[in-house]
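Commentary on secondary and tertiary structure
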Amino acid sequence: QVQLVESGGGLVQAGGSLRLSCAASRTMFSINTMGWYRQAPGKQRELVASITTGGTIYYADSVKGRFTISRDNAKNTVYLQMNSLKPEDTAVYYCNAEAYTGWVLRDSWGQGTQVTVSS
């Protein structure tokens, strides 16, 4: 497993910004993919953004142009900068890491952090 510690959630007004952080117990180059998921009440968990070791980035259509995923290799940390937040962005956000333990590819999850956007 990769241990993941999230921070940065909170309550903001619509149009505001938040930056989520996820610190990993392993170096970035040892993790194949890191991503951010979110789950709102009554909805399925969805992938918001991801970044691979090689730098390939994915964004969900709903957040393109507003959210930015990035990483700091020296700090073993991935970030999600969220701008122009909307009430629809309200959810619990989870950090995810996909990494090999030996020859086995496994997913690890953070504890989740609540993001609430008021109208």
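Relevant structure appears above.
A few points on the structure. (Residues numbered from 1 in each chain as written. Predicted model: local features only at pLDDT ≥ 70, side-chain atom pairs only at ≥ 80, totals over all residues. Heavy atoms only, no water.)

This part covers the packing of aromatic side chains. As enumerated under the stated definition, the model contains one aromatic pair in all. The ring of Tyr-94 has Arg-45 sitting right over it, with the charged end atom 3.9 Å from the ring centre. (Phe/Tyr/Trp six-rings, centres within 6.5 Å; stacked < 30°, edge-to-face > 60°. Lys NZ or Arg CZ within 6 Å of the ring centre and 35° of its normal.)

By the definition in use, this model includes one cavity of 30 Å³ or more. If you add up the space inside the largest cavity, you get close to 60 Å³. Looking at the largest cavity, the residues that line it are Met-28, Ile-31, Asn-32, Thr-33, Met-34, Ile-51, Thr-52, Thr-53, Arg-71 and Val-78. Those elements that provide at least two residues to the lining of the largest cavity are β4 (31–39) and β5 (46–52). No other element matches the four residues that β4 contributes to the lining of the largest cavity. Its residues assigned to classes, the lining of the largest cavity comprises five nonpolar, four polar and one charged. (1 Å grid on protein atoms, 1.4 Å probe; cavity = no way out; pocket = protein on both sides within 12 Å on 5 of 7 lines; lining within 4 Å. Points joined across faces, edges and corners; volume = space filled by probe spheres on them. Helix = DSSP H or I, 4+ residues; strand = E, 2+ residues; numbered from the N terminus. Nonpolar A, V, L, I, M, F, W, Y, C, P; charged D, E, K, R; others polar.)

This part takes up the side chain of Asn-96. Mapped onto the elements of the fold, Asn-96 is located in strand β9 (residues 91–101). Engagement of the side chain of Asn-96 in a polar contact is seen with the backbone oxygen of Ser-108, the distance being 3.3 Å. Filtering out sequence-adjacent residues up to four positions away, Asn-96 remains in contact with Leu-4, Thr-33, Met-34, Gly-35, Tyr-37, Asp-107, Ser-108 and Trp-109. (Polar contact = N/O pair within 3.5 Å; in protein donor to acceptor, adjacent residues only side chain to side chain. Contact = heavy atoms within 4.5 Å.)

A separate point is the environment of Ile-51. Inspection of the secondary structure assignment puts Ile-51 in strand β5. Separated by 19 residues in sequence, Ile-51 and Ser-70 have C-alpha atoms that sit 7.5 Å apart. Leaving out residues up to four positions away in the same chain, Ile-51 has contacts with Asn-32, Thr-33, Met-34, Thr-56, Ile-57, Ile-69, Arg-71 and Val-78.

One can find Ala-40 in the loop between β4 and β5. By relative accessible area, which is 16% here, Ala-40 ends up buried. Placed 38 residues apart in sequence, Ala-40 and Val-78 show a C-alpha to C-alpha distance of 22 Å. Those residues within four positions of Ala-40 in sequence are excluded, and the remaining contacts are Thr-90 and Ala-91. (Buried < 20%, exposed > 50% of the residue type's maximum accessible area, 1.4 Å probe, protein only.)

Here the focus is the pairing of β5. The sheet contact formed by β4 and β5 spans six bridges and is antiparallel. Along β5, the bridge assignment pairs Arg-38 with Glu-46. With three bridges joining them, β5 and strand β6 (residues 57–59) adopt antiparallel strand pairing. Looking at β6, one finds that Ile-51 is bridged to Ile-57. (Pairing = 2+ DSSP bridges.)

Pairs can form between side chains of opposite charge once their charged atoms are near each other. Applying the stated criterion to the full structure yields four salt bridges. Arg-38 is the salt-bridge partner of Asp-89, the closest N and O atoms lying 3.0 Å from each other. Note that Asp-89 is positioned in the loop between β8 (77–82) and β9 and Arg-38 in strand β4, a separation of 51 residues in sequence. Residue Asp-89 shares its accessibility class with Arg-38, and that shared class is buried. One salt bridge in this structure joins Asp-89 and Arg-66, with 2.8 Å as the shortest N-O distance. Taken together, the residues Asp-89 in the loop between β8 and β9 and Arg-66 in the loop between β6 and β7 (67–72) connect sequence positions 23 residues apart. We note that Asp-89, like Arg-66, is buried. (Salt bridge = Lys/Arg side-chain N within 4 Å of Asp/Glu carboxyl O.)

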